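Secondary and tertiary structure notes
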Amino acid sequence: MQRTLIILKPDAIQRGLMGRILTRFEDKGLKVVAARFARLSEQLLEQHYADHKERPFYPGLVRFMSESPVLFCVLEGVDAIAVCRKMMGATFGRDAEPGTIRGDFGVSRSYNLIHGSDSPEAAEKEVALFFDANEIVEWQPAGHTWVYDAEDLG
Ligand code: UDP
Ligand code: MG
C-alpha cells in the first residue's frame, strides 16, 4: 500500500470539476484517508514547491496556487503514486492523453487542474507537510475485498 498527496488546484475548484475528478479516483478503487478544503498560504507553497524555486514559472505558480481555495487529500492504494500520476496525465493539458484528467479537462500549461506526488520520497514529505499524522484516517471501505485480490496485496 502507498499513500500519495493529491491537490485539486484552484482552476479545478473554480471550474466546478472537484466532484468529477474525485469520482475518477474513487471509481479506480483508491481510498481517501485524509482531505481538507482551504486556501494555501504562500509559505506552505514555498515549502511544497521548493524544488522549483529557481524556475521561471515559480512566482506565477505560487500566485496561482494561493489565490483561490484547493482541495487536498491523501489517497491510498497499491502503487497509488504511479497509478495517480498515470490518471493525471502529462503536465501540460495540451500534451496530456485523452482519458487522463489533464487530457480530458484542460489545455493550459500552468492551469493543469491537479498535483500528485511523483515518488515515494516526495509523497512522504508532502503528506507530512499537508497533514498531521493523527489526521490520516484508517478505515476499510465496505467493498474493499472486491478491489484487490490476495496477490495484489502481496
Ligand atoms: N508549471 C508551469 N510551467 C512550466 C512547468 C510547470 O506553470 O513550464 C507548473 C504546473 O502547474 C505544474 C507545476 O508547475 O503542475 C509543477 O511542475 P512539475 O514539473 O512538477 O509538473 P507536475 O509534476 O505537476 O506534472
Ligand atoms: Mg511535480
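See above for the structure.
**A closer look at the site of ligand 1**
- Taken together, Lys 9, His 52, Phe 57, Leu 61, Arg 85, Thr 91, Phe 92, Arg 102, Arg 109, Ser 110 and Asn 112 make up the full set of residues adjacent to ligand 1.
- In this structure, an oxygen atom belonging to ligand 1 sits 2.6 Å away from a side-chain N or O atom of Thr 91.
- One of the side-chain nitrogen or oxygen atoms of Arg 102 is found 3.1 Å away from an oxygen atom of ligand 1.
- For ligand 1, whose free accessible area comes to 500 Å², the fraction covered by protein is 84%.
- When each cavity is represented as a set of grid points, ligand 1 is found to reside in the largest pocket.
- The residue inventory of the shell around ligand 1, partitioned by class, reads three nonpolar, four polar and four charged.

**Re the side chain of Thr 100**
- Mapped onto the secondary structure, Thr 100 falls in the loop between helix 5 (80-88) and helix 6 (101-105).
- Within the structure, Thr 100 has its side chain in polar contact with the backbone nitrogen of Gly 103 (distance 2.9 Å).

**As for the layout of surface pockets**
- As a volume, the largest pocket reaches approximately 770 Å³.
- Forming the walls of the largest pocket are 33 residues, and the residues nearest its centre are Tyr 49, His 52, Phe 57, Leu 61 and His 115.
- At the level of secondary structure, the elements contributing two or more residues to the lining of the largest pocket comprise helix 3 (42-48), helix 4 (58-66), helix 5, strand 4 (114-116) and helix 7 (120-130).
- Take the lining of the largest pocket: its biggest share by element is five residues, from helix 7.
- Classifying every residue of the lining of the largest pocket gives ten nonpolar, eleven polar and twelve charged.

**As for the side chain of His 48**
- The residue His 48 is located in helix 3 in this model.
- With residues near it in sequence (within four places) discarded, His 48 still touches Leu 5, Ile 7, His 115, Glu 126, Leu 129 and Phe 130.

Cut-offs and rules
- Residues numbered from 1 in each chain as written.
- Chains lettered and ligands numbered in written order.
- Predicted model: local features only at pLDDT ≥ 70, side-chain atom pairs only at ≥ 80, totals over all residues.
- Heavy atoms only, no water.
- Near = heavy atom within 4 Å.
- Polar contact = N/O pair within 3.5 Å; in protein donor to acceptor, adjacent residues only side chain to side chain.
- Areas by Shrake-Rupley, 256 points an atom, 1.4 Å probe, with all protein chains shown as cover.
- 1 Å grid on protein atoms, 1.4 Å probe; cavity = no way out; pocket = protein on both sides within 12 Å on 5 of 7 lines; lining within 4 Å.
- Sits in = over half its atoms within 2 Å of the grid points.
- Nonpolar A, V, L, I, M, F, W, Y, C, P; charged D, E, K, R; others polar.
- Helix = DSSP H or I, 4+ residues; strand = E, 2+ residues; numbered from the N terminus.
- Points joined across faces, edges and corners; volume = space filled by probe spheres on them.
- Contact = heavy atoms within 4.5 Å.

Interpretation note: all reported values are geometric properties and have no functional meaning in isolation.
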